[in-house]
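# Notes for the structure review
Here are the chains, one letter per residue:
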Amino acid sequence: MRTGETAKAKGMGVRQSPVSPRQKFNSILLSAMLLGTGILSGCAGLVSSSNPTTGQAAFQVNPASLSFGKVGVGKQTIQTVAVTNTGTMPVSITQAAASNPAFSLAGVTLPMSVATGQTGNFTVAVTPTATGTLTGTLTLQGSNGAAPATVNLSATAVASAPQISLGSTSIQFGTVGVGSTSNLSLVISNTGSSDLAISLISVTGTGFGVSGIATPKTVTAGQSISANVSFQPTGAGGVSGSLTITSNDPANPTTTVTLAGTGSTTAPGQLQANPTSVSFGNVSTGGSSTKAIILSNTGSSSVPISVIAVTGAGFSVNGITTPFTLNAAATVTLNAVFAPTAGGNATGSVTLTTDALHSPLTITLSGTGAQPGLSISPTSFAFGSVVNGQTKSQTFTLTNTGGSSLSISQLSVSGAGYSLNGLTLPSTVAGGASVTFNALFAPTTTGSLQGTITITSNAPNSPATIALSGTGTAGTTILTANPTSLAFGNVNAGSTSSKSVTLTNSGTGNVTISQVAVSAKDVTTSGVTTPVTMTPGQTQTLNVAFKPTASESVSGNITVTNSLGTNTVISVTGTGLQPAITFTPSSANFGSVTVGSTNSQTIKIGNTGTAVLTITQATVAGSGFSVTGLTLPLSINPGATSNFNAQYQPSAAGAGSGSITFVSNAGTSPNTVSLSGTCVAATQILSVSTNTLNFGNVNTSTSSTLPVTVTNTGNSNVQISQIAASGTGYSLSGAGVPVTLTPSQSLTFSVLFSPAVTGSASGSVTITSNATGSPAAIALSGTGAVIVTHSVSLTWNASTSTVSGYNVYRSLTSGSGYTKVNPGLVSSVNYTDASVANTTTYYYVTTAVDANGNESNNSNEAVAVIP
């Protein structure tokens, strides 16, 4: 068929199958319900007791009088009052009445319970309705017969008026380089009781300026704003000026701040601080923390430091005495100190005034004052009836509920028959931690006996007290023990700690010990074989041993029973400590490792026990395996961990296995971590996606492109040094070299065939690398052809259904792979395809499309052969 002719395919009847609707998808709306979070509120610091005991009810208020000073009419001012239980039993504040209605109570719900030794806070407010002097009293009533307390109240009600207050009435910029700018902040406050209206801010003096506040500006009562005052000298020499503020302050309608600075043509110094902010974290009240600030002069001339100002409660500095000159390129250390006197967060700053650029230099400071807190459990104890000469023990727990260390300096007891043991003083208790001690009741007389434990510490409201009570009853025999309690403290599991108790017949007749019973885990006794009879004044030595078998806390008694049925009880306490070793992971698999390469894994050793874990030996078995980062002996505290690395560096191909065996003081020692890995030989293999490329017929003066993918299928890097194409009309794209392919990495490039003349053309692509079998070759072939234009004319029978138009589809494969060739619906029953190529066979089908976009099945297939 010559150029300009067409190939026609007729008789393409469209199948009359009904038009099938497309499948639709429904979107599912997911809704999420946001659950609210309940907020539990309460009065902080108020502790109630559910077990009131007998004793004296008393409380105090602090301060005993409140002066609110000047308060604007209609404004409210509050102050805090503390209520402290100074008695020996819990007390409740049941009533609080103010004699003057201008004063009111806030921040508490009555009745308010206050435990022994504890403190609760509430606020008192004053809200004057007219000018004049206000006085009154606040009377607090307590429960259990506590005497009432009175707080005297006073305030002066004044008419509402604004009052301007300036952070400074004089601003000194020092020496500033010509062309440079120094900025300082001026704080403007309203200390009055009504709005302050600033109508105008003006500046005089060459080089001075103000920004940051647009007038008119309103400052509410009690609030502050900041203005930025700048100095940018235009020449050398001293300059003075002023900043004037006009407001509605009736006393000071015009307020002036003097300004001064010196312009300098000398290169200025540059003062920098490291760090620019200092955080002290938690510091105990009464203690202090010091941190260093390095000051550096990065300029070309010296910097005179004229003023070092510190703000913020508890903050101070030392190390530099002003005036101080810091030479160019020099450094000096300024020490910042935080010594809080009260609990809570604190902020402040260090401001250094110099003649350097950007003076003054400000360093922010922050810290938290931490106080201890003391909680006692139980808060009181009744021993009940105890036979004279016998002993009953009760353990008390002291818990530090504060944020700094609790120092217990003294622990004493009053009252006949009472004594204490189990706590060595002075004792320091970390925040959140607890210590225990024992109170013993050993009456020597009959009747009701009262006692009090007094605890002196650095906690607020020290000393704290615990009420004790008990009744001594007469006995027929007296068998005493000395000591009456044994505290073994910490003992490592497997070790034995021994103590002795002396049993004495303090009566007037013989006493027979019929039984010695132990009710404490891992505690044994020896030295007394029952039954044994003791004459008056005779003694027996009872040996007591504690040998813990695991990590444990032991508390119990040794009961010595005599023939008359009375008991002598010795309390026993002790703590068993034992380390426990864990490994994460418990085994290490290094996978496949190339000969000569090294694979490393980190293994964590943990101590989940209660004693210090000590590892004395680590033995590695297996070829190619080793450890790094492990120094022996290694000690790990309870709850802590330590890391080391296990390595696998194989020297020969094949599977490898090994282990690391640890010897320690853990109960499971020795422990083993298994190791495994596979050594593989190094391979460098380059795979090509095809060995031949056939471009077929390509019209002259045009190009055809085919892709080639090169993949590293070995396990070592492959370096491709050259990719070259030969043969007339052949070239490469995207084949930049040199290039290194890691294992499994691929490189894709294109081969182009651009024939200039007709006829067959052959060539090749050569890939040179360090892979096995290099170089790799790809054979190229193609034929240059003269451009001949053809088209295919298609016609078909109209659908009997109502349609909007037709689509025409084309494929190079019969029965599949159809793609649409018409850009829009064809409204007629014929179509001409002018985008066909020479020496190609095409397969066509058509479909009908209705008004909803639904498309019919394919028609029968028509074939067009292009010469």
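Here, every reference points to the structure presented above.
The structure reproduced in this document is the subject of the present report. (Residues numbered from 1 in each chain as written. Predicted model: local features only at pLDDT ≥ 70, side-chain atom pairs only at ≥ 80, totals over all residues. Heavy atoms only, no water.)

## What to know about the pattern of salt bridges
Under the definition given, this model contains three salt bridges. Close ionic contact of aspartate 522 with lysine 521 constitutes a salt bridge, the shortest N to O distance being 3.0 Å. The class of lysine 521 is partly exposed, set by a relative accessible area of 48%. Between lysine 521 and glutamate 552 there is a salt bridge, and its shortest N-O distance comes to 2.7 Å. Of this pair, lysine 521 sits in the loop between β41 (511-519) and β42 (523-526) while glutamate 552 sits in strand β45 (residues 552-562), placing them 31 residues apart in sequence. (Salt bridge = Lys/Arg side-chain N within 4 Å of Asp/Glu carboxyl O. Buried < 20%, exposed > 50% of the residue type's maximum accessible area, 1.4 Å probe, protein only. Helix = DSSP H or I, 4+ residues; strand = E, 2+ residues; numbered from the N terminus.)

## What to know about unusual backbone geometry
The step from threonine 215 to proline 216 runs through a cis peptide bond, and the omega angle for that step is 0°. Along the chain, the position of proline 216 falls in the loop between β15 (208-211) and β16 (217-219). The omega angle of the peptide bond from valine 737 to proline 738 is 0°, so this bond is cis rather than trans. Within the fold, proline 738 resides in the loop between β60 (730-733) and β61 (739-741).

## Structural notes on the pairing of strand β54 (residues 654-664)
Bridging between strand β50 (residues 613-621) and β54 involves six bridges; their strand directions are antiparallel. Within β54, the residue paired with valine 620 across the bridge is isoleucine 660. With nine bridges connecting them, β54 and strand β55 (residues 671-680) associate as antiparallel partners. Among the inter-strand pairings, glycine 654 is bridged to a residue of β55, identified as cysteine 679. (Pairing = 2+ DSSP bridges.)

## Regarding the side chain of serine 404
Within the secondary structure layout, serine 404 lies in the loop between β31 (392-400) and β32 (406-414). A polar contact of 2.9 Å, which involves the side chain of serine 404, links it to the backbone oxygen of alanine 370. A distance of 3.5 Å separates a polar atom in the side chain of serine 404 from the backbone nitrogen of glutamine 371. Residue contacts for serine 404: discarding those within four places in its chain leaves Ser284, Ala370, Gln371, Pro372, Val429 and Gly431. (Polar contact = N/O pair within 3.5 Å; in protein donor to acceptor, adjacent residues only side chain to side chain. Contact = heavy atoms within 4.5 Å.)

## Points about the sheet that holds strand β58 (residues 704-712)
Spatial strand order, β56-β58-β62-β60: four strands in an open sheet with antiparallel pairing. Across the chains shown, the open sheet's two edge strands, defined by having one partner strand only, are β56 (686-688) and β60. Geometrically, the sheet is characterised by an average inter-axis angle of 30° between neighbouring strands, direction not taken into account. In this structure, β58 lies alongside strand β62 (residues 746-753), joined through eight bridges in antiparallel fashion. Its bridge partner being in β62, threonine 711 is matched across the sheet by serine 746. (Axes fitted to C-alpha atoms, helices over the stretch in contact; angles between N-to-C directions.)

## Digging into the environment of proline 548
Of note, proline 548 is situated in the loop between β44 (539-546) and β45. The class for proline 548 is buried, based on a relative accessible area of 1%. Put simply, proline 548 and threonine 690 are 142 residues apart on the chain and 76 Å apart in space, counted from C-alpha to C-alpha. When neighbours within four sequence positions are excluded, proline 548 is seen to be in contact with Val491, Asn492, Ala493, Gly494, Ser495, Asp522 and Gly576.

## Focus: the sheet that holds strand β21 (residues 277-284)
Strand order in this open sheet of five strands is β21-β28-β27-β23-β25, and the pairing throughout is mixed. This sheet does not close on itself; its edge strands, each paired only once, are β21 and β25 (324-326). Within this sheet the neighbouring strands show an average axis-to-axis angle of 30°, counted without direction. With nine bridges connecting them, strand β27 (residues 344-354) and strand β28 (residues 361-370) associate as antiparallel partners. Along β28, the bridge assignment pairs leucine 352 with leucine 361.

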